[in-house]
Number of protein chains: 2
Amino acid sequence: MIRVLLAEDQGMVRGALATLLGLEEDIEVVGEAADGEEALVVAERTRPDVALLDIEMPRRNGIDTAAELRRTLPDCRVIILTTFGRPGYLRSAMEAGASAFLVKDSPARELAAAIRRVLAGERVIDPALAAAALSAGPNPLSPREREALTAAADGSTIGDVARKLHLSEGTVRNYLSAAIRKTGARNRIEAVRAAQRQGWL
Amino acid sequence: MIRVLLAEDQGMVRGALATLLGLEEDIEVVGEAADGEEALVVAERTRPDVALLDIEMPRRNGIDTAAELRRTLPDCRVIILTTFGRPGYLRSAMEAGASAFLVKDSPARELAAAIRRVLAGERVIDPALAAAALSAGPNPLSPREREALTAAADGSTIGDVARKLHLSEGTVRNYLSAAIRKTGARNRIEAVRAAQRQGWL
DNA sequence: GATCGGTGATGACAAAAGTCATCGCGAACC
DNA sequence: GGTTCGCGATGACTTTTGTCATCACCGATC
């Protein structure tokens, strides 16, 4: 039996996926978690063969959780399961040590198939997405530029961002200006959206 | 047997939910659709007792689809199943004739329960969400203000929006200014986010 | 018939955002 | 030792955004 841990914040989706996997005769869902922190705790206790992690989760995201899991349970394979097939997400997932990257758009039967292939030592990645991730190149934003852009994403003014990051307003303006230039955007809103589309935030 | 149509754009979630419902001995999934348009076509052919509609779908959203379905198949009950429990969504869903409003956060077993209750003539709505929808009041934005805000949401400049809506730049500025005031925001970004949070766009 | 709200527009003005050159500091790299 | 890059800051400047008063037209409503 393949022992699976399932981490996904939407209860209905988590329940449905658990049911789906439970129907496979060689798969057993040994743990469920509604966020990344919980996933780590449950993984420690249940020692799964593979962890299915959503990226967008409260408290600790799936990428972070994957990296931590690789440290604490090196024998546990990680499959990232996400709504958005963003190039930067795929890159981060691979750097965090994930064995597979699935988008929720794909058919349900691919999930069990991916689990079996990962356990057999394979890596499972959509070729088109891999190409997009490689052609897009790495994240060009510096850490501070990323922070400034993230802090500005909710409509905060330059003054707000400066206070949040303990910087002068001029410095924040410079970082945002650089982020706008690097993303090829015309203003901060476009820059935020472009960066999010690439998975750079 | 209760005949169910399931419309949800994410293949994996759709497949898992279909499997989940198929396990219930009194429920039968007679049709699946990946968007609103497809849902209408499949509903016409399969004549379900109840249609489960996601809101965020390509081509035609779940609210629109619900309203159209109430016209073409008045005997078919509609259940809205959504990621976001936004007050405005609930309001729109009810106005479109939905019998139930479920968020994907809730446990999986509530889905089958809601289907049975709806078929028994009940309405199923989270009381806390209903209270939020009522206390939030109706959408204060005029149609043009909503259009201007929506058009500006992707980082378009005032000039872009003016061209899109065939208006003068001054008029667009006025609409955005009004939208900012009505949402209690400090700029257009906050206004967009506030309006989205309320389900006003 | 008056009032009100939505639509569309203009002009003037203030505030915020964005650009650019320039500086100093420290760490990494060849 | 020189170069490069990220970080942090300042000042000057332009452009964009947001506010406000005011106008006109239309349709609904009382």
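Residues numbered from 1 in each chain as written. Chains lettered and ligands numbered in written order. Predicted model: local features only at pLDDT ≥ 70, side-chain atom pairs only at ≥ 80, totals over all residues. Heavy atoms only, no water.

- Looking at an unreviewed UniProt entry, one finds chain A named Response regulator transcription factor and attributed to Actinoallomurus spadix.

## What about the sheet that holds strand β4 (residues 77–82) of chain A?
All names here are of chain A.
Stage number 1. Here 6 strands make up an open sheet; going across it, the order is β2-β1-β3-β4-β5-β6 and the pairing parallel. Across the chains shown, the open sheet's two edge strands, defined by having one partner strand only, are β2 (27–33) and β6 (124–125).
Stage number 2. In this structure, β4 lies alongside strand β5 (residues 100–103), joined through 4 bridges in parallel fashion. Bridging from a neighbouring strand, isoleucine 80 pairs with phenylalanine 101 of β5.
Stage number 3. Packing against the sheet, helix α4 (residues 87–95) makes contact with β4, β5 and β6, and its axis sits at approximately 150° to β5. (Pairing = 2+ DSSP bridges. Helix = DSSP H or I, 4+ residues; strand = E, 2+ residues; numbered from the N terminus. Contact = heavy atoms within 4.5 Å. Axes fitted to C-alpha atoms, helices over the stretch in contact; angles between N-to-C directions.)

## With respect to the domain arrangement of chain A
Stage number 1. Domain assignment breaks chain A into domain 1 (2–136) and domain 2 (143–198).
Stage number 2. Once you take the C-alpha centre of each, domain 1 of chain A and domain 2 of chain A turn out to be 31 Å apart. (Domains from an automatic or database assignment.)

## Let's talk about the protein's contact with DNA strand D
Stage number 1. Near DNA strand D lie 18 residues; those nearest to it are Ser142, Arg144 and Tyr175 of chain A together with Ser177 and Arg188 of chain B.
Stage number 2. The sugar-phosphate portion of DNA strand D accounts for 65% of its atoms within 4 Å of the protein, the bases making up the rest.
Stage number 3. One nitrogen or oxygen atom from the main chain of isoleucine 158 of chain B is found 3.3 Å from a phosphate oxygen belonging to DNA strand D.
Stage number 4. If you list the elements that add at least two residues to the surface near DNA strand D, you get α7 (143–152) and α9 (169–183) of chain A together with α9 (169–183) of chain B.
Stage number 5. For the surface near DNA strand D, the element with the most residues is α9 of chain A, which contributes 5 residues.
Stage number 6. Considering only residue class, the surface near DNA strand D consists of 5 nonpolar, 9 polar and 4 charged. (Near = heavy atom within 4 Å. Polar contact = N/O pair within 3.5 Å; in protein donor to acceptor, adjacent residues only side chain to side chain. Nonpolar A, V, L, I, M, F, W, Y, C, P; charged D, E, K, R; others polar.)

## Focus: the sheet that holds strand β4 (residues 77–82) of chain B
In a beta sheet, neighbouring strands pair by backbone hydrogen bonds and run either parallel or antiparallel.
Residue and element names in this part refer to chain B.
Stage number 1. Strand order in the open sheet formed by 6 strands is β2-β1-β3-β4-β5-β6, and the pairing between neighbours is parallel. Looking at strand neighbours, the two that pair on one side only are β2 (27–33) and β6 (124–125), the edges of this open sheet.
Stage number 2. In this structure, strand β1 (residues 2–7) lies alongside β2, joined through 6 bridges in parallel fashion. Within β2, the position partnered with isoleucine 2 by the bridge is isoleucine 27.

## Some remarks on the UniProt feature "domain: Response regulatory" (unreviewed entry) in chain A
Stage number 1. When the UniProt feature table is mapped to this numbering, "domain: Response regulatory" (unreviewed entry) covers residues 3–119 of chain A.
Stage number 2. Secondary structure content for residues 3–119 of chain A is 46% helix and 23% strand, while the C-alpha to C-alpha distance between its ends is 10 Å. (UniProt positions renumbered as here; feature names shortened; annotations may be inferred.)

## Some thoughts on the relation of the copies chain B and chain A
Stage number 1. Overlay of chain B on chain A (RMSD 0.0 Å): rotation 180°, translation along the axis 0.0 Å. Those values place the two copies in the arrangement expected of a two-fold rotation axis. Closest approach to the rotation axis within chain B is made by the C-alpha atom of alanine 16 of chain B, at a distance of 2.5 Å.
Stage number 2. Both copies contact each other with a shared surface, as 100% of the interface residues of chain B are interface residues in chain A too. (Least-squares fit on C-alpha atoms with pLDDT ≥ 70 in both.)

## A short note on the interface of chain B and chain A
Quite often, the size of an interface is put as the accessible area lost when its parts meet.
Stage number 1. Counting residues at the interface gives 32 residues for chain B, matched by 32 residues for chain A.
Stage number 2. With both chains or domains summed, chain B and chain A bury close to 2500 Å², and 65% of this area falls on carbon and sulfur atoms.
Stage number 3. Of all residues in chain B, Gln10, Met12 and Ile189 of chain B bury the most surface against chain A, accounting for 27% of the area lost on that side.
Stage number 4. At the junction of chain B with chain A, the criterion picks out 2 salt bridges.
Stage number 5. Between aspartate 160 of chain A and arginine 186 of chain B there is a salt bridge, with the nearest N and O atoms lying 2.7 Å from each other.
Stage number 6. The interface formed by chain B and chain A contains 12 residue pairs in polar contact (both at pLDDT 80 or more).
Stage number 7. Looking at the side of chain B that touches chain A, the elements with two or more residues in it are α1 (11–22) and α10 (188–198) of chain B.
Stage number 8. At 8 residues, the largest contribution of residues to the side of chain B that touches chain A is made by α1 of chain B. (Buried area = accessible area lost by both parts, 1.4 Å probe. Salt bridge = Lys/Arg side-chain N within 4 Å of Asp/Glu carboxyl O.)

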